[in-house]
Amino acid sequence: MMTNPTGRLTQGQFSFLPDLSDAEIALQVDYGLAKGYAWSVEYTDDPHPRNTYWEMYGAPMFDLRDAAGVLAELQQCRQTFPNHYIRLMAFDATRGVESVAMSFIVNRPAQEPGFGLARQEVAGRTIRYTVHSYATDRPETQRYAE
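Cut-off values and rules
- Residues numbered from 1 in each chain as written.
- Predicted model: local features only at pLDDT ≥ 70, side-chain atom pairs only at ≥ 80, totals over all residues.
- Heavy atoms only, no water.
- Core = buried A, V, L, I, M, F, W, Y, C linked by side-chain atoms within 4.5 Å.
- Buried < 20%, exposed > 50% of the residue type's maximum accessible area, 1.4 Å probe, protein only.
- Helix = DSSP H or I, 4+ residues; strand = E, 2+ residues; numbered from the N terminus.
- Contact = heavy atoms within 4.5 Å.
- Patch = residues over 30% accessible without salt bridge, like charges linked within 9 Å, V, L, I, M, F, W, Y side chains within 5 Å.
- Areas by Shrake-Rupley, 256 points an atom, 1.4 Å probe, with all protein chains shown as cover.
- Salt bridge = Lys/Arg side-chain N within 4 Å of Asp/Glu carboxyl O.
- Phe/Tyr/Trp six-rings, centres within 6.5 Å; stacked < 30°, edge-to-face > 60°.
- Lys NZ or Arg CZ within 6 Å of the ring centre and 35° of its normal.

Would you take a moment to explain the nonpolar core for this structure?
Nonpolar side chains tend toward joint burial in soluble globular proteins. Core analysis: the largest hydrophobic core is formed by 22 residues, its most contacted members being Ile25, Val29, Trp39 and Leu88. Secondary structure elements with two or more residues in this core: helix H1 (22-34), strand S1 (38-44), strand S2 (55-61), helix H2 (67-80), strand S3 (85-92) and strand S4 (99-107). For Val29, the residues in contact, after removing those within four places along its chain, are Trp39, Ala67, Val70 and Leu88.

This is the structure we're talking about:
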């Protein structure tokens, strides 16, 4: 059974849906702002599932109250890193800690090389599985070169 027939990276909210338009992204940002969330833009060229710490583009937007500011930062990030994964993250500080309340991908490379699953048999009947990102087979500056 194939659970991800598109072969696209599925991290965060809306992963199995078609890419959100800028208008739909603005609606999600407005929703988060109405809840009091602070937004940040992050990017990476290594989207391995355990790579949770992507590079932050600019500073977190704690005092922002308008989606246009987040979208402007997103557009700058897209221009700077057009062949990277870019995600928006919303942080909720209502409990005194910064915890992620929303996270979704807003930019993808044209070609997503995907992941491989490696199985290794170890002591006894134990089997270990590891995930390998095919993107990391190439140097950082050439991972999504066209």
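Any chance you could explain a nonpolar patch on the surface here in plain terms?
A cluster of nonpolar side chains, namely Phe115, Leu117, Ile127, Tyr129 and Val131, defines an oily patch on the protein surface of about 460 Å² accessible area. If you list the elements that add at least two residues to the nonpolar patch, you get strand S5 (115-121) and strand S6 (127-133). Examining the composition of the nonpolar patch, we find that three residues originate from one element, S6, more than from any other. With respect to the element layout, Tyr129 can be found in strand S6. Overall, the relative accessible area of 49% leaves Tyr129 in the partly exposed class.

What exactly am I supposed to notice about the packing of aromatic side chains here?
Two aromatic rings, taken as a pair, are described by how far apart their centres are and by the angle between their planes. A complete count under the given rule lists five aromatic pairs for this structure. Ring geometry for Phe14 against Phe104: centres 5.3 Å apart, planes inclined by 75°, an arrangement best described as edge-to-face. Here Phe104 lies in strand S4 and Phe14 lies in the segment before H1, a separation of 90 residues in the sequence. Between Tyr43 and Tyr57, the ring centres sit 6.5 Å apart and the planes meet at 75°, which makes this aromatic pair edge-to-face. Of this pair, Tyr43 sits in strand S1 while Tyr57 sits in strand S2, and the two are 14 residues apart along the sequence. Since its relative accessible area comes to 15%, Tyr43 is described here as buried. Through a chain of ring-to-ring contacts, the aromatic side chains of Phe14, Trp39 and Phe104 assemble into a single cluster. Arg87 extends its terminal NZ or CZ atom over the ring of Trp54, reaching a point 4.1 Å from the ring centre.

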